[in-house]
Amino acid sequence: MLYLKNLVYHPPATPTPILQGINLELAPQEMGLIVGPSGSGKTTLLEILAGMAEKTGGGLYWREQELLPMHLQQLAGIVFQFPERHFCGKTILEELRFGHPELRLEQVQVALQEVGLEGVALSVSPIPSAAGSSGGSLWRFSSSVSRICCFWMNPWPVWIGRCAVS
Ligand SMILES: Nc1ncnc2c1ncn2[C@@H]1O[C@H](COP(=O)(O)OP(=O)(O)OP(=O)(O)O)[C@@H](O)[C@H]1O
Ligand SMILES: [Mg+2]
């Protein structure tokens with residue numbers, strides 16, 4: 001169970017806290033949806049959950065264990081609004097192996113299968129215009145990249161992403 005207890009984020013540069021008294025409980029396999037007006041702190045909260053920003057108050061726990069940014073960076077994958085801006089590999093295989101050159105082909109295939117992209121050509125560019133992927137495939141591919149980053153390090157990755165609602 002993931003717990004946020006009275007989480008606060010108040011960077012020194014802001015006169016008032018960006019996040020104050022945030023509480024959340026998320027069970028294993030449970031999907032959570034964070035909604036709120038523009039500027040309310042949704043992205044900031046996701047960045048804290050991914051270990052990219054550090055809370056300034058309150059607690060963040062997995063069961064009774066406090067999660068620090070160094071843990072969260074290993075446990076959480078984040079898929080940004082424009083995932084293609086963060087790709088570094090020239091091909092889908094390079095992107096999936098980025099930072100993990102030791103990964104075997106079977107492990108890469110498992111990550112793709114988990115997001116329904118089994119059979120995708122590994123030698124094509126991950127950028128949609130070159131690969132001919134739809135936005136949905138792009139998001140799923142980025143999820144597999146995030147997944148691969150933490151899958152072999154722990155059995156219970158937290159997977160967070162962003163989707164636009166219009
Ligand atoms: N490191 C920071 N220092 C100062 N202000 C920040 C910092 N990070 C975010 N902010 C401010 O915190 C507020 C929350 O921003 P955030 O991007 O998290 O909102 P959001 O809910 O994701 O908005 P949107 O729906 O537009 O994406 C904004 O006013 C933003 O300018
Ligand atoms: Mg945002």
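Here, every reference points to the structure presented above.
Conventions adopted
- Residues numbered from 1 in each chain as written.
- Chains lettered and ligands numbered in written order.
- Predicted model: local features only at pLDDT ≥ 70, side-chain atom pairs only at ≥ 80, totals over all residues.
- Pairing = 2+ DSSP bridges.
- Helix = DSSP H or I, 4+ residues; strand = E, 2+ residues; numbered from the N terminus.
- Buried ≥ 20, exposed ≤ 12 C-beta atoms within 10 Å, placed from the backbone.
- Arc of directions from axis to C-beta.
- Near = placed C-beta within 6 Å.
- Nonpolar A, V, L, I, M, F, W, Y, C, P; charged D, E, K, R; others polar.
- Contact = placed C-beta atoms within 7 Å.

## Here we look at the sheet that holds strand β3 (residues 57-62)
The strands making up a sheet are joined through hydrogen bonds of the backbone, oriented either antiparallel or parallel.
For step 1, the next point in the chain: Read from one edge to the other, the open sheet built from 4 strands follows the order β2-β1-β3-β4, with strand pairing classed as antiparallel. Each edge of the open sheet carries a strand with a single partner, namely β2 (19-26) and β4 (65-66).
For step 2, the next point in the chain: The sheet contact formed by strand β1 (residues 2-9) and β3 spans 5 bridges and is antiparallel. Bridging across to β3, tyrosine 3 finds its partner in tyrosine 61.

## A closer look at helix α1 (residues 42-49)
For step 1, the next point in the chain: Listed in full, the buried residues belonging to α1 are Leu45, Ile48 and Leu49. Across the axial projection of α1, the buried residues extend over an arc of 100 degrees, all falling on one side.
For step 2, the next point in the chain: Just downstream of α1 lies glycine 51, where phi reads positive at about 75 degrees.

## With respect to the site of ligand 1
For step 1, the next point in the chain: Inspection of the region around ligand 1 gives Pro11, Ala13, Thr14, Ile18, Gly36, Ser38, Gly39, Ser40, Gly41, Lys42, Thr43 and Thr44 as its neighbouring residues.
For step 2, the next point in the chain: Taken together, the residues of the shell around ligand 1 sort by class into 3 nonpolar, 8 polar and 1 charged.

## Looking at the environment of proline 11
For step 1, the next point in the chain: Locating proline 11 in the fold gives a position in the loop between β1 and β2.
For step 2, the next point in the chain: In this structure proline 11 comes out as exposed when scored by C-beta crowding, with 11 C-beta atoms within 10 Å.
For step 3, the next point in the chain: Separated by 43 residues in sequence, proline 11 and glutamate 54 place their C-alpha atoms 9.2 Å apart.

## Quick look at the environment of glutamate 47
For step 1, the next point in the chain: Topologically, glutamate 47 is positioned in helix α1.
For step 2, the next point in the chain: In the structure, glutamate 47 is positioned 29 residues away from alanine 76 in sequence and 9.8 Å away in space, judged by C-alpha atoms.
For step 3, the next point in the chain: With residues near it in sequence (within four places) discarded, glutamate 47 still touches Met52 and Ala53.

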